[in-house]
Amino acid sequence: ENITNEYYQKYLSNYALSHNKDKSGIEINPCIELWDLYFKVMKSGYNLSYEKALSNIDAKIGKNEISDKINQMLAASSRIRLNNTFPVLRLYDATKKLENLDFSKSKYTLIDFWFADCSPCIKQFEYLKGIYSKYYLKGLRIIAISIDEEKDRYRLVETIHKNKYVWDNLWDIDAKNADILNIHSYPKSFLIDSRGQIAGINLSISDLEKILQKNLE
């Protein structure tokens with residue numbers, strides 16, 4: 001762990017020094033703390049502690065292009081916080097037919113953002129197959145939302161059929177919705193109730209099953 005942390009701090013230091021100018025060529029204070037926060041927000045999304053950390057950093061070194069970007073990412077990901085209403089997304093099926101999300105027909109809907117070359121995504125889907133077969137008749141719907149590029153459509157379709165993903169499969173072409181919501185780490189999942197409210201984010205398989213056992217059995 002110490003070696004990993006040491007490597008990360010060295011990476012941050014080098015990254016900060018090599019990205020010390022904004023688009024206009026104006027020098028940015030190479031603050032490691034700022035870049036650390038940038039990567040945390042990109043990976044994990046909104047957290048009140050990140051908002052406070054940004055405010056403290058701005059007070060010390062002033063605002064710049066990076067802090068503005070972090071602020072934008074925090075604002076975007078704040079839309080998909082726990083208990084918020086899940087936003088309306090423009091999604092398609094594999095034939096590029098526009099599809100609308102409707103959460104009212106199921107007691108719970110698990111939305112999972114993924115892409116075909118994502119090994120952790122594929123691994124998680126193998127566990128979800130058992131969850132889905134056990135609970136889909138009791139009120140669970142799964143919607144897998146691929147963020148694959150348009151040029152990879154056939155690979156996406158092949159992966160879905162090869163791995164027998166029988167739940168609803170939709171397509172966020174070129175990750176347009178994911179980018180708007182500051183989703184950059186995959187898989188990223190949301191458990192949505194019948195009112196469209198976010199009841200869980202990135203739940204483990206065991207935690208997901210506990211919720212389903214309590215509410216669907």
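These numbers were taken from a predicted model, which means no experiment stands behind them.

Thresholds, definitions, all that
Residues numbered from 1 in each chain as written. Predicted model: local features only at pLDDT ≥ 70, side-chain atom pairs only at ≥ 80, totals over all residues. Heavy atoms only, no water. Helix = DSSP H or I, 4+ residues; strand = E, 2+ residues; numbered from the N terminus. Buried < 20%, exposed > 50% of the residue type's maximum accessible area, 1.4 Å probe, protein only. Areas by Shrake-Rupley, 256 points an atom, 1.4 Å probe, with all protein chains shown as cover. Arc of directions from axis to C-beta. Contact = heavy atoms within 4.5 Å. Right-handed = clockwise from strand over helix to strand, strands pointing away. Pairing = 2+ DSSP bridges. Core = buried A, V, L, I, M, F, W, Y, C linked by side-chain atoms within 4.5 Å. Salt bridge = Lys/Arg side-chain N within 4 Å of Asp/Glu carboxyl O. Phe/Tyr/Trp six-rings, centres within 6.5 Å; stacked < 30°, edge-to-face > 60°. Lys NZ or Arg CZ within 6 Å of the ring centre and 35° of its normal. Axes fitted to C-alpha atoms, helices over the stretch in contact; angles between N-to-C directions. Parallel < 35°, antiparallel > 145°, perpendicular 65-115°, else oblique. Left-handed = near helix turned anticlockwise from the far one by under 90°. Nonpolar A, V, L, I, M, F, W, Y, C, P; charged D, E, K, R; others polar.

Please clarify how the overall build of the chain should be interpreted in this entry.
In terms of helices and strands, the chain carries eight helices and seven strands. Going through the 217 residues of the chain one by one, you find that 42% of them count as buried. As displayed, the chain has an accessible area near 12,600 Å², and 49% of this comes from carbon and sulfur atoms.

Please explain helix 6 (residues 153–162) as it appears in this structure.
A turn of α-helix holds 3.6 residues, and therefore any two residues three or four places apart point the same way. Those residues of helix 6 that sit buried are Leu156, Thr159 and Ile160. In a view along the axis of helix 6, the buried residues occupy a sector of 100°, so they form one face of it. Exposed and facing more than 90 degrees away from the buried side of helix 6 are Tyr154, Glu158, His161 and Lys162. On the buried face of helix 6, the contacting elements are strand 3 (108–114), helix 5 (119–135), strand 4 (140–146) and strand 5 (168–171).

Whenever I open this one, the environment of Ile143 confuses me. Can you help?
Tracing the sequence through the fold places Ile143 in strand 4. Distance from Ile143 to Asp168, taken between C-alpha atoms, is 4.8 Å for residues 25 residues apart in sequence.

Would you explain the pairing of strand 3 in this entry?
Across a regular strand the side chains alternate sides, sitting on one face of the sheet and then on the other. Burial analysis of strand 3 places seven of its seven residues in the buried class, the great majority of the element. The two faces of strand 3 match: Tyr108, Leu110, Asp112 and Trp114 on one face and Thr109, Ile111 and Phe113 on the other face are all buried. In this fold, strand 3 hands off to helix 5, which returns the chain to strand 4; that crossover is right-handed. Here strand 3 pairs with strand 6 (residues 188–193) via six bridges, running antiparallel. From the neighbouring strand, Ile111 faces strand 6, where its bridge partner is Phe190.

For this particular structure, what's the right way to read the nonpolar core?
Counting residues in hydrophobic clusters, the biggest one holds 44 residues, and the most contacted among them are Phe86, Phe113 and Trp114. Secondary-structure elements contributing two or more residues to this core are strand 1 (91–92), strand 3, helix 5, strand 4, helix 6, strand 5, strand 6 and helix 8 (205–216). Sort the elements by how many residues they give to this core and helix 5 lands first, with six residues. Once residues within four sequence positions are removed from consideration, Trp114 is found in contact with Cys121, Ile122, Phe125, Ala144, Ile145, Ser146, Ile147, Leu156, Thr159, Ile160, Tyr165 and Tyr186. Counting 14 residues, the second-largest nonpolar core is a separate cluster that includes Trp35, Tyr38, Tyr50 and Leu74.

Would you explain the pattern of salt bridges in this entry?
Applying the stated criterion across every chain, the model contains 13 salt bridges. Put simply, Lys151 and Asp152 hold a salt bridge, and the shortest N to O gap is 3.5 Å. Asp152 gets classed as partly exposed once you look at its relative accessible area, which sits at 24%. In this structure, a network of salt bridges that share partners links the residues Lys134, Lys138, Glu209 and Glu217.

Explain the packing of aromatic side chains here, please?
Any two aromatic rings considered together are summarised by their centre-to-centre distance and by the angle between their planes. Scanning all chains against the criterion turns up 14 aromatic pairs. Here Tyr132 and Trp167 contribute two aromatic rings whose centre-to-centre distance is 5.9 Å and whose plane-to-plane angle is 85°, an arrangement assigned as edge-to-face. One end of the pair, Tyr132, is in helix 5; the other, Trp167, is in the loop between helix 6 and strand 5, with 35 residues separating them in the sequence. As far as burial versus exposure is concerned, Tyr132 and Trp167 are alike and both buried. With a centroid separation of 5.4 Å and 10° between ring planes, the pair formed by Tyr165 and Trp167 is classed as stacked. Residue class for Tyr165 comes out buried when judged on its relative accessible area of 4%. Site record: aromatic cluster; members linked through ring pairs are Trp114, Phe125, Tyr132, Tyr136, Tyr165 and Trp167. For the cation-ring pair, Arg81 lies above Tyr46, with the distance from its terminal atom to the ring centre recorded as 4.5 Å. Positioned over the ring face of Tyr154 is Arg153, at 5.0 Å from the centre of the ring.

Can you help me understand the packing of helix 3 (residues 48–61) against helix 4 (residues 65–77) in this one?
Running from N to C, helix 3 and helix 4 cross one another at 160°; their axes reach a closest spacing of 11 Å. Considered as vectors, helix 3 and helix 4 are oriented roughly antiparallel to each other. Handedness of the helix 3/helix 4 crossing: left-handed. Across the interface between the two elements, Tyr50, Glu51, Leu54 and Asp58 of helix 3 pack against Ser67, Ile70, Asn71 and Leu74 of helix 4. Among the residues making up the contact of helix 3 with helix 4, the classes are represented as four nonpolar, two polar and two charged.

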